[in-house]
Amino acid sequence: MHDAPTQAAEPSLAAGSEGKEPLSAGLKQRHLTMLGLGGVIGAGLFVGSGAGIAVAGPGIVLSYLIAGALAMLVMRMLGEMSAAMPASGAFSVHAERALGRWAGFSVGWLYWFLLVVVLAVEATGAAQIANGWVPAVPQWGWVLIFMIVFTVANLAAVKNFGEFEFWFATLKVTAIVLFLVLSLLAVFGVLPDTEPVGLANLTGQGGFLPHGWGGVISGVLAVVFAFGGLEVVTIAAAESDDPARAVGRAVRSAVWRILFFYVGSMLVIVTLLPWSSMEPGKSPYVAVLDSIGVPGAGQIMNIVVFVALLSALNANLYGSSRMVFSLAERGEAPRALLKVSGGGVPRRAVLASVAFGFVSVLLNLKWPDSVFLYMLNAVGAVLLFVWGLIAVSQLRLRPRIERETPGKLTLRMWAFPYLTWAALLAMGGVLVLMLTDDAARPQLLWSAGATGLVLLVAGAREFRNRRARR
């Protein structure tokens, strides 16, 4: 259990981090490692990257480097705090300890809302693909099947979630490795009916930066949210045998390899194909596989995207249930959600998250361009708000950890506090870009409204609690 800090005095970090979680310790290191690797390899990379290439050209490689570096910094901060103070609520607990109950309440509920809304997009996308394979089963029927399967898996035992994610992530990582190997062979003309491509596609058609640095920055805006999902690793680490060691290893292995997968993929894509041939909404991976003569490339990528969507759906169900359970632990959500099964699974928290997620799915199926669109816009920039609070929390907690429990700093943020401040400035820059971009502005404004509403509720609760204490 986690002690909620008050404004009167800072709680001891040692006391707050020694309490044993009531949840099962059913996740193994291999689960966490593959969750870290596969957590952000989703449809946003396989399909959405085409939009980034269209606006940045070959400069998309730099866009991914910048966005990936920001994600790496955030994960390093989060890894530092989670290794020192493992908790099922991860960054929500850290924010509470660093800034007060209002911060833990706000970031926890915002992240929960983000997961259960995005879950609808993933369930609907997977159902559309499955409906194309088996038209006899309607789209809503596939959604129902997926929701039931993953609900049962998450209710049974945490190791079921871990096994699903392990094999999902293994397939996605294997697909990208094979894609990189085939693409590199094609680049050097080793494959049958191919010749070395040289640098023509990187330097021609306007050069490496056809739209200048403005295009690179626009590319960052198009791809930065694809890195969301890594945070679930630190939530899951609390349910492993050795949380501090597990989260440290998972964070160390994940960030560099994911950056390699993303940047490596983009580099071979823009080397093999003219960037101007890319179309938003169409997978550049399919285009590359078609160009080098891989039979059935579109169907192969459909399978990979399908698995990626189911993986994200499973991870979001897990992450949302653990976040709302942690909020209930600290008195920020209904206490009824604290019921834990004999196997250490917070079943009521799972069911509450599934219920709201299923409502989101129904809204997406019924009103995709109205009600659900507003909900989706309301979480469009929430990830940046969450990342920002992670950075601020790390700035506040690092000196306290060094003072109170220095031995727990087994994973340290690089060049503290300079890189933490640099990450905060970069996040602020992305928010400014969103404000000036016609397509992204509605997301930012709706997300700011949702965040303001949650902060208002948090402030009202804080005011009420202060009056009660007096």
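The sections below set out a description of the structure shown in this document. Given the structure is predicted, the values throughout are model-derived calculations rather than measurements.

### Some words on the overall build of the chain
Thinking step 1. When helices and strands are tallied, the chain shows 20 helices and zero strands.
Thinking step 2. On C-alpha atoms alone, the chain measures out to a radius of gyration of 22 Å, which is about the 23 Å that the 2.2 N^0.38 rule sets for 470 residues.
Thinking step 3. For the C-alpha atoms alone, the extent of the chain along its principal axes is close to 75 × 55 × 40 Å.
Thinking step 4. Counting all 470 residues of the chain, 56% fall into the buried class.
Thinking step 5. Long-range contacts, defined here as pairs at least 24 residues apart, represent 81% of the contacts in the chain between residues at least 6 apart.
Thinking step 6. Accessible surface, the chain: about 18,500 Å² in total, of which carbon and sulfur atoms supply 67%.
Thinking step 7. Distance between charge centres in the chain, computed from 33 positive and 25 negative side chains, equals 10 Å.

### Brief notes about helix α9 (residues 158-187)
Thinking step 1. The end-to-end C-alpha distance of α9, which contains 30 residues, comes to 43 Å, matching closely the 44 Å that a straight helix rising 1.5 Å per residue would cover.
Thinking step 2. G189 sits one or two positions beyond α9 and adopts a positive phi of about 70°.

### Re a positive patch on the surface
Thinking step 1. On the surface, R466, R467, R469 and R470 cluster together to form a positively charged patch.
Thinking step 2. With respect to the helices and strands, R469 occurs in helix α20 (residues 441-469).

### Quick word on the environment of S277
Thinking step 1. Looking at the secondary structure, you find S277 in the loop between α13 (243-272) and α14 (284-291).
Thinking step 2. For S277, a relative accessible area of 40% corresponds to the partly exposed category.
Thinking step 3. A distance of 2.6 Å separates the side chain of S277 from the backbone oxygen of P274, its partner in a polar contact.

Parameters and conventions
Residues numbered from 1 in each chain as written. Predicted model: local features only at pLDDT ≥ 70, side-chain atom pairs only at ≥ 80, totals over all residues. Heavy atoms only, no water. Helix = DSSP H or I, 4+ residues; strand = E, 2+ residues; numbered from the N terminus. Rg over C-alpha atoms; globule rule 2.2 N^0.38 Å. Buried < 20%, exposed > 50% of the residue type's maximum accessible area, 1.4 Å probe, protein only. Contact = heavy atoms within 4.5 Å. Areas by Shrake-Rupley, 256 points an atom, 1.4 Å probe, with all protein chains shown as cover. Lys, Arg positive; Asp, Glu negative; His and termini not counted. Charge placed at Lys NZ, Arg CZ, Asp CG, Glu CD. Expected span 1.5 Å × (residues − 1). Patch = residues over 30% accessible without salt bridge, like charges linked within 9 Å, V, L, I, M, F, W, Y side chains within 5 Å. Salt bridge = Lys/Arg side-chain N within 4 Å of Asp/Glu carboxyl O. Polar contact = N/O pair within 3.5 Å; in protein donor to acceptor, adjacent residues only side chain to side chain.

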